[in-house]
Amino acid sequence: MSAQSVLSPMGPDAARIADLATILFVGAAVVFTIVAASLWLAIRGPSSIRRALAENRFVAAAGIGFPVVTLSLLLAYGLWVMRSANGPADASNAVRIGIVGEQWWWRVSYRGAEGQRIESANEIRIPVGREVVFILTSTDVIHSFWVPNLGGKVDMIPGRTNTLRLRADRAGVYRGQCAEYCGGAHALMALEVVALPEAEFEAWLLAEADEAKAPADDAAWHGQRLFLAGGCGSCHAVRGTTAVGMVGPDLTHVGSRRSIAAATLPTSRQNIARFIVDGQHLKPGNGMPPFRIFAPAEVDALAAYLAGLE
Amino acid sequence: MRRRIGLGRALTWAAALALAGLGFVALAAWSGIYNVAASRGHWLVTDRLLRFGMENSVETHASAIAAPKLDDPDLVRLGAGHFLTGCASCHGAPGTPTDVVAQHMLPPPPDLKERLSQWTDPELFWIVKNGIKYTGMPAWPTQERDDEVWTIVAFLRLLPSLEADGYRALAWGDVSDGPRAGAEIALAGGGAGAVAACARCHGSEGKAPTSALVPRLHGQPAEMLLQALRDFAEGERHSGIMQPVAAALTERAAIDVAAYYAGLAPLPVRADAPAETGRALATAGNAGIPACQSCHDRDALSIYPRLAGQNAPYIAARLHAMQQAQRARTPTQDIMIPIARRLTDRQIADLAAYFASLPP
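Residues numbered from 1 in each chain as written. Chains lettered and ligands numbered in written order. Predicted model: local features only at pLDDT ≥ 70, side-chain atom pairs only at ≥ 80, totals over all residues. Heavy atoms only, no water.

Draft legend 1. Quick look at the overall build of chain B. Broken down by element type, chain B carries 18 helices and zero strands. Its C-alpha atoms give chain B a radius of gyration of 26 Å, clearly above 21 Å, the size a compact globule of 360 residues would have. The principal-axis extent of the C-alpha atoms belonging to chain B is close to 90 × 65 × 40 Å. Relative to its full complement of 360 residues, chain B shows a buried share of 38%. Sequence separation of 24 or more characterises 67% of the internal contacts of chain B that already satisfy a separation of 6 or more. Taking the average place of the 33 positive charges on the side chains of chain B and the average place of its 34 negative ones, the gap between the two points comes to 9 Å. (Helix = DSSP H or I, 4+ residues; strand = E, 2+ residues; numbered from the N terminus. Rg over C-alpha atoms; globule rule 2.2 N^0.38 Å. Buried < 20%, exposed > 50% of the residue type's maximum accessible area, 1.4 Å probe, protein only. Contact = heavy atoms within 4.5 Å. Lys, Arg positive; Asp, Glu negative; His and termini not counted. Charge placed at Lys NZ, Arg CZ, Asp CG, Glu CD.)

Draft legend 2. Seen up close, the overall build of chain A. When its secondary structure is counted, chain A shows seven helices and 12 strands. The C-alpha extent of chain A, read off along each of the three principal axes, is 90 × 45 × 35 Å. For chain A, the proportion of its 310 residues judged to be buried stands at 46%. Considering only contacts in chain A between residues 6 or more positions apart, those separated by 24 or more positions represent 62%. Here chain A displays about 15300 Å² of accessible surface, and carbon together with sulfur accounts for 63% of that area. For chain A, the separation between the mean place of its 27 positive charges and that of its 27 negative charges on side chains is 11 Å. (Areas by Shrake-Rupley, 256 points an atom, 1.4 Å probe, with all protein chains shown as cover.)

Draft legend 3. Focus on the packing of aromatic side chains. Residue and element names in this part refer to chain A. Enumeration according to the criterion identifies 13 aromatic pairs over all chains in this entry. Aromatic pair Tyr77 and Trp80: ring centres 6.2 Å apart, planes at 25°, arrangement stacked. Remark: Trp80 and Tyr77 occur in helix H3 (residues 56-86); sequence separation between them is three residues, near one turn of the helix. On the basis of relative accessibility, which here comes to 42%, the residue Trp80 falls in the partly exposed class. (Phe/Tyr/Trp six-rings, centres within 6.5 Å; stacked < 30°, edge-to-face > 60°.)

Draft legend 4. Broad picture of helix H7 (residues 296-307) of chain A. Residue and element names in this part refer to chain A. Its 12 residues place the ends of H7 16 Å apart at the C-alpha level, agreeing with the 16 Å of an ideal helix rising 1.5 Å per residue. Within H7, burial applies to Val299, Ala301, Leu302, Ala303, Ala304, Tyr305, Leu306 and Ala307. Looking at the packing, one finds that the buried side of H7 touches helix H5 (218-229) and helix H6 (269-282). (Expected span 1.5 Å × (residues − 1).)

Draft legend 5. Seen up close, the interface of chain A and chain B. The interface is formed by 18 residues belonging to chain A together with 20 residues belonging to chain B. For the chain A and chain B pair, buried surface summed over both sides reaches about 1200 Å², with 64% attributable to carbon and sulfur atoms. Put simply, chain A and chain B have one salt bridge between them. Taken together, chain A and chain B are joined by three residue pairs in polar contact (both at pLDDT 80 or more). For the side of chain A that touches chain B, the class distribution of residues is 11 nonpolar, five polar and two charged. (Buried area = accessible area lost by both parts, 1.4 Å probe. Salt bridge = Lys/Arg side-chain N within 4 Å of Asp/Glu carboxyl O. Polar contact = N/O pair within 3.5 Å; in protein donor to acceptor, adjacent residues only side chain to side chain. Nonpolar A, V, L, I, M, F, W, Y, C, P; charged D, E, K, R; others polar.)

Draft legend 6. Representation of unusual backbone geometry within the structure. Note that the residue after Gln103(A), namely Trp104(A), is joined by a cis bond; omega there is 5°. Tracing the backbone through its elements, the reader meets Trp104(A) in the loop between strand E1 (95-102) and strand E2 (105-111). Cis geometry is adopted by the peptide bond preceding Pro107(B), which originates at Leu106(B) and carries an omega value of -5°. Tracing the chain through its elements places Pro107(B) in the loop between helix H4 (100-103) and helix H5 (112-115). Even without being a glycine, Asn122(A) presents a positive backbone phi close to 65°. By secondary structure assignment, the location of Asn122(A) is in the loop between strand E3 (117-121) and strand E4 (123-127). On the basis of relative accessible area, Asn122(A) is assigned to the buried category, the value being 5%. Non-glycine residue Ala261(A) carries a positive phi angle of around 60°. Residue placement: Ala261(A) occurs in the loop between strand E11 (259-260) and strand E12 (265-266).

Draft legend 7. Representation of the nonpolar core in the model. Counting residues in each nonpolar core, the largest one holds 56 residues, and the members touching the most others are Phe227(A), Ile276(A), Phe294(A), Leu306(A), Tyr304(B) and Phe355(B). Of all elements in the fold, only H5, H6 and H7 of chain A together with helix H14 (279-284), helix H16 (312-324), helix H17 (331-342) and helix H18 (345-356) of chain B reach the threshold of two or more residues within this core. When residues of this core are assigned to their parent elements, the largest contribution, seven residues, is made by H7(A). Once residues lying within four places of it in the same chain are set aside, the contact partners of Ile276(A) are Met288(A), Pro289(A), Pro290(A), Phe291(A), Phe294(A), Val299(A), Leu302(A), Ala303(A) and Leu306(A). Among the nonpolar cores identified, the runner-up in size contains 42 residues, and Ala80(B), Cys87(B), Ala171(B) and Val214(B) belong to it. (Core = buried A, V, L, I, M, F, W, Y, C linked by side-chain atoms within 4.5 Å.)

Draft legend 8. View of the packing of H16(B) against H18(B). All names here are of chain B. Where H16 meets H18, the closest approach of the two axes is 8 Å, and the angle between their N-to-C directions is 145°. H18 is crossed by H16, and the crossing has right-handed handedness. Residue-level contacts link Ala312, Ile315, Ala316, Leu319, His320 and Gln323 of H16 to Asp345, Ile348, Ala352, Ala353, Phe355 and Ala356 of H18. When grouped by side-chain class, the residues that make up the contact of H16 with H18 number nine nonpolar, two polar and one charged. (Axes fitted to C-alpha atoms, helices over the stretch in contact; angles between N-to-C directions. Left-handed = near helix turned anticlockwise from the far one by under 90°.)

Draft legend 9. Highlighting the packing of helix H3 (residues 73-91) of chain B against helix H8 (residues 164-172) of chain B. Residues and elements named next belong to chain B. The geometry of H3 relative to H8 is characterised by a closest axis approach of 7 Å and an angle of 95° between their N-to-C directions. Between H3 and H8, the angle is such that the two are roughly perpendicular. Of the residues in H8, those touching H3 at Val76, Arg77, Ala80, Gly81, Phe83, Leu84 and Ala88 are Tyr167, Leu170, Ala171 and Trp172. In terms of residue class, the contact of H3 with H8 is built from nine nonpolar, one polar and one charged. (Parallel < 35°, antiparallel > 145°, perpendicular 65-115°, else oblique.)

Draft legend 10. Inspection of the sheet that holds strand E7 (residues 154-156) of chain A at higher detail. Residue and element names in this part refer to chain A. The mixed open sheet is built from five strands, whose spatial order is E4-E10-E9-E6-E7. At either margin of the open sheet sits one strand with a lone partner, and together these are E4 and E7. Going across the sheet, the axis of each strand differs from the next one's by a mean of 25°, ignoring polarity. Bridge analysis of E4 against strand E10 (residues 190-196) gives five bridges, and the strand direction is parallel. Paired with Pro127 across the strands is Leu196, a residue of E10. (Pairing = 2+ DSSP bridges.)

Draft legend 11. Representation of the pairing of E1(A) within the structure. All names here are of chain A. A large share of E1 lies buried, amounting to seven of its eight residues. Here E1 pairs with E2 via six bridges, running antiparallel. Bridge pairing links Gly98 to Ser109 in E2. Linking two consecutive strands that pair antiparallel, namely E1 and E2, is a turn of two residues.

Printed below as a string of structure tokens:
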């Protein structure tokens, strides 16, 4: 199994697309073989076959009739495949997840048990076997949401809301990425979809709705103080603190996410520290300025605080 | 055919003549026969030719410059403050004759009172910003602060009409340069020491800066003030006005003067009530602009300046300067320049008014 491939479908929608691809590739190979054989026979074949190939009836049947029938069937099949992926979200128990494309990360929001909005970023968790409806939009430029193992791609367009219905049939981590060039760091705008068994997902969502954990040790307390006094909270929200910024990703549970900077680096205390100071080298052009104002020990304290926000 | 030979011969002669000319120049330079003494002055013809070339050059290069509005007292007062630091020692000032040493330069620095009327505002701007080759006139220490250069032009426009008292009030503010006891002068120097006094522009205990384009330093964090002085001194923060002053301070003096201003009580604001239009952006930010107060209120790190009660024209000028900066040079510019670039002129004006009216 590969983490990002249309060739290993993990849900019904991706399976339909994989089937369509298989039909297209096999069909094209068959047609190509027939054309090549006909061409060879028309040049080198016995005169009786060459005469038959030159007849108007053959040209009309193979050159007009065959393509019209084949392409019409393919069109109908293709429309049916698309309809089932983009159709109205009728499943009443579907999980609804809002995703906003930003340069160059994903703002993710869930609905909690009481209907409250639970904000997260750059990682999407979904239950296995249940319909998931993604509500896709953008605030700046056109992005495109694509998780190849689960389904087709859908553009995220400023001022417009698109929906995408998917289902994962097996638990696992599926990588996705922005599939529409959206500026400098487009190539580093990726995400991971973590498909969990239903019960695990519900437990996780409950924890995700909570406020941030209090710092666990002195270093983390120091880090929290620096985070708030250093102005980090003007861009990043950490629920339960005075940090309520909406400019960058919500960091309330950043320590429990698998990666940072939109699946650019695996989450670790060391990588968080690197990103605070050297983010413009790790992800050139991203919206966060390098915080060289912090001494190494301060950066480490900040990283300890953030990595502890599980 | 004959014509081609004629052309070839002419070219050969021209090349030979040019080569001979170059040889003569090289020989003259090598022999040291040309006298470079400033004491001897120029021949009249050299003087006329140099002046002719200089005037035309300034006129041509200044032709595309548009002057902003200059009759603003804040511009004039800041320009006057720096004129005393940077210009008066060579050019003299009302009530102060030109420095004797400077008078013996070649060409001698002109008496501005007589010469200023010859130049337009853009021409004066160009001269102050770029300096003039082969004279003692230096370029502005940074090429990225046109706003500072215009303050000098604003002051120069007023200079011909100033008497000694009027000039004193503008350039010295509340700082006194004498009279002092004879022993004090003998041991610590005459009035010149006070030229470097920060308070001439920035004010002192209970006294506001003379120009609203100059920041109020009263009660700012010492760490921020010291870092600003270091950044100015190293040219990391561009300012033709602050760089010479900061570079002249020893590390000890910089620490002490930062501590002095940090220890002063913040000045009261003049407004009765805070200006409301900038409040939302300053306290809550928006989707693309972080809230100013996260870094600029009392509880923030002491590497950040406090903005409550700061002069509005200073805040606005600083944000505009950051918008125009070619790149960030210091760790705090890394953070602030991208934010400043996202602000509209309207937002800058609103934020400046809000902070200027907010009691510290």
